[in-house]
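One-letter residues, chain by chain:
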Amino acid sequence: MPSLFSKALNGVSVKHCKNTASSAAVRMPVPDKVVIPMIQHMGAPCEPVVKVKDTVTVGQLLGDTDAFLSAPIHSSVSGTVTAIEDFITPGGDKCKSVVITTDKLQTPCPDLAPPVVNSREDLIKAVRACGLVGLGGAGFPTHIKLSPKNLDQVDTLVINGAECEPYITCDMRLMLERTASIVEGIKVVMKYLELGSCVIGIESNKPEAIAAMTEAVSGMENVRVLTMKALYPRGAEKVIIYEATGRVVEEGKLPADAGVIAMNVATISKLADYLQTGMPLVEKMLTVDGGSVAEPKNIIAPIGTSIRDMIEFCGGYKSEPKKLLMGGPMMGISVYSDDFPLLKNNNAILAFDEEQCRPVKETACIRCGRCLRACPFDLAPAAMDKAYHMGNVDKLRELKVNLCMECGCCSYVCPAHRELAMYNKLGKRLLREAK
Ligand code: SF4
Ligand code: SF4
């Protein structure tokens, strides 16, 4: 087995904290205002195609671009465009955003209709038109993922239902509540991409989801459910591909190079819904949780809804939040304001209270080696930490900091509380700048 993956099936045992596992998703009322940024995906930002004072409807195109790596963005509400203004994403990218004051009528765009799909080309075109991106967090445009150059060598679809981040339960709810959509999406992708088999990977701490999906695919010869050990980060793309197929996505390569297309359960479910209804990606199911939230639950919210409005729908704050996260505690992004809007690839909002954010003092590395043992990719976090702090770009390159997926396992186990994943992130930036 190549060394990159010699420990891929290890992981760290994190507290699951799946408090909302039994909370069926509830659709929240349409907020007064949404803010829809023109970048919600990996790749180039869209340019707004609407202007201030335009009336818009649900599913209407708001922004698009000719850039290869991008995905169009649609209105999640009906109402009036009240501003087009600069927006800084939680990741620090700058783009325009379309601000819409809603009319609460949710009038659908009259041009919408289910796409006609009779070929792979039709499917790819439809997926792009829908604005679909990886909904598990990565935000990679799905139409590009479904168009690998070596499609003739791709034979397996891997569906990611691991949901290994603590607190988040929306994918599990989706597997219970939208089982048929997931199965339909699998059928469509396997048919038009001529894939011979499909593996649905789910962690063992979701027995209900495993049972529901197993029953739903019981008549499908080439589709199976794989129960995975509940160890973080089983849901990382390279890790689940390895566990599901035994294949390694080598350094600098894509899943397709290993003969695999990997999709999250939410992405495949939305694909099926779009083919049936013609409604693009305009809303999201997500988990709202954390010690500061009065009534944690799974909700369905229009894209562009502010964190504040979503938390308000969950009973409001019961204590002052000390940390707001978009995503899970291991890989989520910390934001400084609850003004931030829901983006396509957000799967959780966590508002942690004082108890959950007790500050810990970072101390010097004691060379215990725990971070080395924890890294699923056999990287050397302590050495990368040192190289980053010395500004040693050559060493960072030699240590392959660019392979770090920022899963946070190393930081989690470090007794000196070193922010190793963050230093790797900054180290990668240093490498990019050096180029
Ligand atoms: S954050 Fe990077 S270095 Fe740390 S365990 Fe994950 S992959 Fe390894
Ligand atoms: S886990 Fe922390 S203390 Fe131990 S070797 Fe790694 S960086 Fe040093």
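Residues numbered from 1 in each chain as written. Chains lettered and ligands numbered in written order. Predicted model: local features only at pLDDT ≥ 70, side-chain atom pairs only at ≥ 80, totals over all residues. Heavy atoms only, no water.

Enquirer: Please clarify how the site of ligand 1 should be interpreted in this entry.
Expert: What surrounds ligand 1 is a group of 13 residues, the closest being Cys375, Cys404, Cys407, Cys410 and Asn424. Within the residue set of the shell around ligand 1, elements represented by two or more residues are α10 (381-389), α12 (409-413) and α13 (420-434). For the shell around ligand 1, the class distribution of residues is ten nonpolar, two polar and one charged. (Near = heavy atom within 4 Å. Helix = DSSP H or I, 4+ residues; strand = E, 2+ residues; numbered from the N terminus. Nonpolar A, V, L, I, M, F, W, Y, C, P; charged D, E, K, R; others polar.)

Enquirer: Please explain helix α5 (residues 207-216) as it appears in this structure.
Expert: Three or four residues apart is the spacing at which side chains of an α-helix point the same way, because the helix has 3.6 residues per turn. Taken together, the buried positions of α5 are occupied by Ala209, Ile210, Ala212 and Met213. Down the axis of α5, the smallest arc covering the buried residues is 165 degrees, so these residues share one side. Of the exposed residues in α5, the ones pointing more than 90 degrees away from its buried face are Pro207, Glu208 and Glu215. Turning to α5, the residues buried within the fold contact α3 (170-177), α4 (179-192), β10 (197-203) and β11 (223-228). (Buried < 20%, exposed > 50% of the residue type's maximum accessible area, 1.4 Å probe, protein only. Arc of directions from axis to C-beta. Contact = heavy atoms within 4.5 Å.)

Enquirer: Would you explain the sheet that holds strand β7 (residues 79-88) in this entry?
Expert: Strand order in the open sheet formed by four strands is β2-β8-β7-β4, and the pairing between neighbours is antiparallel. Each edge of the sheet is formed by a strand with only one pairing partner; in this case those strands are β2 (33-37) and β4 (55-56). Here two bridges tie β4 to β7, and the two strands are oriented antiparallel to one another. Its bridge partner lying in β7, Thr55 is registered against Thr80. (Pairing = 2+ DSSP bridges.)

Enquirer: Before we go on, may I ask you to explain the pairing of strand β8 (residues 94-102) in this structure?
Expert: Two faces make up the sheet, and in a regular strand the side chains alternate between them. Pairing of β2 with β8, which is carried by five bridges, proceeds in the antiparallel orientation. Bridge pairing in β8 links Val34 to Ile100. As paired strands, β7 and β8 are joined by nine bridges and run antiparallel to one another. Bridge pairing in β8 places Ile84 opposite Val98. Turn length for the β7-β8 hairpin, with the two strands adjacent in sequence and antiparallel, is five residues, and the turn residue Gly92 shows positive phi of about 95 degrees.

Enquirer: Which parts of the structure should I look at to understand the pairing of strand β12 (residues 260-264)?
Expert: With five of its five residues buried, β12 lies for the most part within the structure. Side-chain alternation along β12 places Val260, Ala262 and Asn264 on one buried face and Ile261 and Met263 on a second face that is also buried.

Enquirer: Can you walk me through the site of ligand 2 in this structure?
Expert: All residues adjacent to ligand 2 are Cys365, Ile366, Arg367, Cys368, Gly369, Arg370, Cys371, Ala382, Cys414, Pro415, Ala416 and Leu420. Of the residues assigned to the shell around ligand 2, the class counts are nine nonpolar, one polar and two charged.

Enquirer: How should the domain arrangement of the protein be read in this particular structure?
Expert: A common way to state how big an interface is: give the accessible area lost once the parts meet. The assigned domain composition of the protein is domain 1 (26-112 + 280-356), domain 2 (113-277) and domain 3 (361-434). Here the C-alpha centroids of domain 2 and domain 3 sit 30 Å apart. Buried area between domain 2 and domain 3, summed over both chains or domains, comes out near 550 Å², and the portion from carbon and sulfur atoms is 71%. It is Tyr232, Lys238 and Glu251 that lose the most area in domain 2 upon contact with domain 3, and together they represent 67% of the buried surface on that side. Linking domain 2 with domain 3 are one salt bridge, by the criterion used here. Measuring nitrogen to oxygen at the nearest pair gives 3.2 Å for the salt bridge that ties Lys400 to Glu251. For the interface between domain 2 and domain 3, the tally reads two residue pairs in polar contact (both at pLDDT 80 or more). For the side of domain 2 that touches domain 3, the class distribution of residues is four nonpolar, no polar and two charged. (Domains from an automatic or database assignment. Buried area = accessible area lost by both parts, 1.4 Å probe. Salt bridge = Lys/Arg side-chain N within 4 Å of Asp/Glu carboxyl O. Polar contact = N/O pair within 3.5 Å; in protein donor to acceptor, adjacent residues only side chain to side chain.)

Enquirer: Looking at this structure, I do not really get the nonpolar core. What am I missing?
Expert: Most often, soluble globular proteins have nonpolar side chains that are buried together. By size, the foremost hydrophobic cluster in this structure holds 54 residues, and its most contacted members are Leu157, Ile186 and Ile200. In contact with Ile200, other than residues within four places in its own chain, are Ile159, Ile186, Met213, Val217, Val223, Arg224, Val225 and Leu226. (Core = buried A, V, L, I, M, F, W, Y, C linked by side-chain atoms within 4.5 Å.)

Enquirer: What should I look at first to understand unusual backbone geometry in this one?
Expert: Leave glycine aside and you will find that most residues have negative phi; peptide bonds, for their part, are mostly trans. Residue Tyr232 is joined to Pro233 through a cis peptide bond whose omega torsion reads 0 degrees. Secondary-structure assignment places Pro233 in the loop between β11 and α6 (237-245). Of note, the phi angle at Gln106 is positive, near 50 degrees, even though the residue is not glycine. For Gln106, a relative accessible area of 26% corresponds to the partly exposed category.

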